[in-house]
Amino acid sequence: MDALLEVHDVHLSFGGLQALDGPSLTVADGEVVGLIGPNGAGKTSLFNCINGLYRPQSGSVRVLGREVAGLPRHRIAGLGVGRTFQNLGLLASQTVLENVLAGAYHATRGGWWATVLDLPDVRRTEDRLRARALELLTELDLADVAGRPVGTLPFGTLKRIELARALVGEPRLLLVDEPANGLVHSEVAELGATLRRLATDRGAAILLVEHHMGLVTSVCDRVAVLDFGRLIAEGDPREVARDPQVVAAYLGTAA
Amino acid sequence: MSTTATRPARTSGGGTTRRGGGTVAEWLRRPRPPLAPPRWLAVLSTVGAAAALLVVPLVNPSYVNLTVTLVMVWTIVGLGLNLLVGFGGQVSLGHSAFFAIGAYAVAVAGEAGWAQPAALLVAGVVPFVVGYAIGLPALRLHGLQLGLVTLALAMATPAAIRAFEPLTHGSRGIGIDGTPPAWVPLDHDQWVYYLALAAASLGYVVTRRLARGRLGRSFVAVRDAELVAETLGVNTWQTKTRLFATSAAYAGVAGGLYALLLEFVGPENFNLTLSISFVTLIVVGGLATVPGAVLGAIFVQYVPTLTSSISPAATGATYGVVLILFAFFVPHGLAGLARAALGPLVRRVPGRPKA
């Protein structure tokens with residue numbers, strides 16, 4: 001199978017701080033890959049290189065075979081790269097539904113002229129999108145809060161709204177940053193099932209940053225471990241969790 | 001503002017936190033969705049308003065027509081400026097410049113013998129192009145810096161008009177013939193009224209369409225979280241530039257109508273106070289609301305006139321005080337208040353809300 005995401009030897013530094021020190025990684029269609037590592041290991045930095053928030057100094061990041069380093073961010077999104085943020089990137093003034101609808105921007109058409117002329121196609125797209133968004137909200141147990149401004153809701157709910165927003169655009173590649181943060185136990189299981197479905201049914205490639213090891217081992221096909229910007233292990237989730245180097249990175253080596 | 005918006009929901013359950021002033025302030029600041037009347041009510045009120053507006057100039061003396069036409073002129077400015085500032089979050093204190101360009105476009109086209117509707121078209125196109133050209137570099141700036149650049153634009157306008165003497169006739173200004181074409185059996189004030197009504201209605205519909213749906217959401221995303229908007233696929237720079245140019249075109253058409261109405265343009269008409277009144281208009285009317293442009297236009301047309309009858313210097317002070325009061329206490333403007341007042345009534349009306 002062709003890799004949907006190919007990261008090769010990416011270097012990123014801020015002044016003297018080496019955030020990414022040459023990790024390479026691939027994620028194929030329908031595959032869920034976990035990206036784990038201690039805080040500050042470079043997981044979110046790698047995400048930022050993939051969807052264009054950072055531009056790596058060297059190395060390549062390819063999505064669907066297309067080099068994205070240096071591509072404008074909206075073009076990367078247009079390739080079908082969806083993302084949720086660790087500390088939320090919701091539109092605070094808007095309702096839950098509006099936030100989710102905004103996620104379909106790159107996946108829908110309707111330019112200025114078409115909108116001004118209110119072409120039938122624009123209306124149909126909007127109607128379909130609303131139906132799909134409400135479906136997703138129901139699926140993620142958010143239908144009750146659809147009309148509420150997001151500013152009034154708890155953190156765990158906001159994480160699920162972000163996920164709904166990323167899903168409504170039907171991403172080819174989904175980057176999920178700590179989705180289980182703030183969720184209760186049962187919600188974590190549902191989240192895992194949702195991600196798995198997205199990969200298996202829709203063939204999306206998913207890269208998952210997560211500290212919740214239960215979620216990682218249950219949904220990920222493979223796991224990659226970052227430490228100090230370097231890839232220190234990769235493979236089956238359970239085996240990786242036993243790798244002495246990984247254990248040392250998480251717990252510190254015995255003095 | 002977002003943090004305060006969360007307060008009502010958190011405290012709504014507890015009676016103990018509901019104390020006098022706090023409750024009123026919170027009630028005023030609470031965000032509310034637009035009114036969603038059933039289709040029959042929406043159609044009825046639109047037809048009713050249209051009928052009333054069509055009859056107004058036939059039954060009123062010309063000075064009334066003049067002020068109502070001015071309300072429509074300000075409405076057009078407000079509709080465009082609210083797209084840029086209210087929805088898109090890009091501050092402009094410089095739209096008096098585009099208003100002036102539109103006014104002078106009509107004046108110069110009139111001198112060249114162009115028909116008025118054609119001149120009005122030019123009054124929209126030229127500011128659009130100029131707005132695009134200014135927006136290309138200016139919209140790389142944010143917040144305060146963008147405010148300062150556009151402020152400079154407004155301040156330079158009267159001097160620039162004098163400097164382009166061959167075209168603008170400098171301080172002498174240009175007289176305009178606003179009388180209707182021979183085939184139109186209307187007086188000057190009625191003719192310009194209908195031109196303004198047509199332009200304002202068109203502007204209203206276009207603004208409403210742009211402000212909702214996919215594009216409207218992209219404007220708000222640019223305003224609330226520019227980086228996030230980009231990761232959602234929004235070309236933020238293009239969006240901002242188009243918004244700027246579009247709002248400049250609105251201001252230009254309004255300026256052109258203003259010139260036809262007054263039948264004269266001179267550099268003194270387009271000073272900084274005009275720009276301030278535009279900003280006051282959208283803040284008082286309600287940022288990021290479409291009907292707010294109408295309510296704000298009514299405000300800037302009538303209220304300063306009222307206060308200046310108390311003291312001639314009161315106009316500037318009125319704008320200042322009102323801006324502060326609204327920014328603090330009524331962030332959703334008169335349109336927000338209208339939603340608060342009419343919302344419960346509209347919800348009780350039978351019939352399915354139109355989508």
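Residues numbered from 1 in each chain as written. Chains lettered and ligands numbered in written order. Predicted model: local features only at pLDDT ≥ 70, side-chain atom pairs only at ≥ 80, totals over all residues. Heavy atoms only, no water.

**Focus on the overall build of chain B**
Item 1. Summing up its helical and strand segments, chain B has 17 helices and two strands in all.
Item 2. Across its three principal directions, the C-alpha atoms of chain B cover 70 × 50 × 45 Å.
Item 3. Counting the 355 residues in chain B, one finds 48% classified as buried.
Item 4. Pairs at least 24 residues apart make up 80% of the contacts formed inside chain B by residues separated by at least 6 positions.
Item 5. Carbon together with sulfur atoms contributes 70% to the accessible area of chain B, which is approximately 16200 Å² in total. (Helix = DSSP H or I, 4+ residues; strand = E, 2+ residues; numbered from the N terminus. Buried < 20%, exposed > 50% of the residue type's maximum accessible area, 1.4 Å probe, protein only. Contact = heavy atoms within 4.5 Å. Areas by Shrake-Rupley, 256 points an atom, 1.4 Å probe, with all protein chains shown as cover.)

**Some words on the confidence of the model for chain B**
Item 1. With 93% of its residues at a pLDDT of 70 or more, chain B shows a mean pLDDT of 90.
Item 2. Predicted confidence is poor over residues 1–20 of chain B, with pLDDT under 50, and the contacts of this stretch with residues over four places away or in other chains come to 16 contacts. (pLDDT = per-residue confidence, 0-100.)

**Some details on the interface of chain A and chain B**
Item 1. If you look at the interface, chain A gives 34 residues, while chain B gives 31 residues.
Item 2. Buried area between chain A and chain B, both sides added, is near 2900 Å², and the carbon and sulfur share of it is 63%.
Item 3. It is His 74, Tyr 105 and Trp 112 of chain A that lose the most area in chain A upon contact with chain B, and together they represent 30% of the buried surface on that side.
Item 4. Put simply, chain A and chain B have four salt bridges between them.
Item 5. A salt bridge links Arg 212 of chain B to Asp 118 of chain A; the shortest N-O distance between them is 3.6 Å. (Buried area = accessible area lost by both parts, 1.4 Å probe. Salt bridge = Lys/Arg side-chain N within 4 Å of Asp/Glu carboxyl O.)

**With respect to the pattern of salt bridges**
Item 1. Counted according to the given criterion, the structure contains 24 salt bridges over all chains.
Item 2. Ionic pairing is found between Arg 209 of chain B and Asp 118 of chain A, a salt bridge with its closest N-O pair at 3.9 Å. One end of the pair, Arg 209 of chain B, is in helix α10 (residues 188–211); the other, Asp 118 of chain A, is in the loop between α4 (112–116) and α5 (120–139), on a second chain.
Item 3. A residue is classified by how much of its surface remains accessible, and Arg 209 of chain B, at 23% relative accessible area, is partly exposed.
Item 4. Here Arg 132 of chain A ties to Glu 135 of chain A by a salt bridge, and the two come within 3.0 Å at their closest N and O atoms. With Arg 132 of chain A and Glu 135 of chain A both in helix α5 and three residues apart, the pair spans about one turn of that helix.
Item 5. Within this structure, Glu 98, Glu 126 and Arg 130 of chain A together with Arg 217 of chain B form a network of salt bridges that share partners.

**Things to note about the packing of aromatic side chains**
Item 1. Under the definition given, this model contains 14 aromatic pairs over all chains.
Item 2. Ring geometry for Phe 14 of chain A against Tyr 54 of chain A: centres 5.1 Å apart, planes inclined by 75°, an arrangement best described as edge-to-face. Note that Phe 14 of chain A is positioned in strand β1 (residues 3–14) and Tyr 54 of chain A in the loop between α1 (43–50) and β5 (58–63), a separation of 40 residues in sequence.
Item 3. Taking the relative accessible area as the measure of exposure, Tyr 54 of chain A reaches 30% and is therefore partly exposed.
Item 4. One aromatic cluster is present, built from ring pairs that chain together Trp 74, Phe 99, Tyr 104, Tyr 258, Phe 270 and Phe 278 of chain B.
Item 5. Directly above the ring of Trp 27 of chain B sits Arg 32 of chain B, whose terminal nitrogen or CZ lies 4.9 Å from the centroid.
Item 6. The positively charged end of Arg 140 of chain B is found above the aromatic ring belonging to Trp 237 of chain B, 4.3 Å away from the centroid. (Phe/Tyr/Trp six-rings, centres within 6.5 Å; stacked < 30°, edge-to-face > 60°. Lys NZ or Arg CZ within 6 Å of the ring centre and 35° of its normal.)

**Topic: the packing of helix α7 (residues 116–138) of chain B against helix α13 (residues 236–262) of chain B**
Each pair of packed helices can be summarised by the angle the axes make with each other and by the distance between the axes.
Residue and element names in this part refer to chain B.
Item 1. In contact at an axis separation of 7 Å, α7 and α13 are set at 145° when each is read in the N-to-C sense. For the element pair α7 and α13, the recorded crossing hand is right-handed.
Item 2. In terms of residue class, the contact of α7 with α13 is made up of 15 nonpolar, eight polar and one charged. (Axes fitted to C-alpha atoms, helices over the stretch in contact; angles between N-to-C directions. Left-handed = near helix turned anticlockwise from the far one by under 90°. Nonpolar A, V, L, I, M, F, W, Y, C, P; charged D, E, K, R; others polar.)

**Some thoughts on the sheet that holds strand β9 (residues 205–209) of chain A**
All names here are of chain A.
Item 1. Here six strands make up an open sheet; going across it, the order is β7-β8-β9-β4-β10-β11 and the pairing mixed. Strands at the two margins of the open sheet, each flanked by one partner only, are β7 (81–83) and β11 (230–235). Each adjacent strand pair in this sheet contributes to an overall mean axis angle of 20°, direction not counted.
Item 2. Pairing of strand β4 (residues 32–36) with strand β10 (residues 222–227) involves four bridges; the strand directions are parallel. By the bridge assignment for β10, Gly 34 is matched with Val 223.
Item 3. The sheet contacts of helix α7 (residues 185–202) involve β4, β8 (173–177) and β9, and relative to β9 the element is tilted by about 155°. (Pairing = 2+ DSSP bridges.)

**Examining unusual backbone geometry**
Residues and elements named next belong to chain A.
Item 1. Positioned with a positive phi, Leu 64 is a non-glycine residue whose angle comes to about 55°.
Item 2. Relative to the helices and strands, Leu 64 is located in the loop between β5 and β6 (66–67).
Item 3. With a phi close to 45°, Glu 170 is a non-glycine residue in the positive phi region.
Item 4. Among the secondary structure elements, Glu 170 is positioned in the loop between α6 (155–168) and β8.

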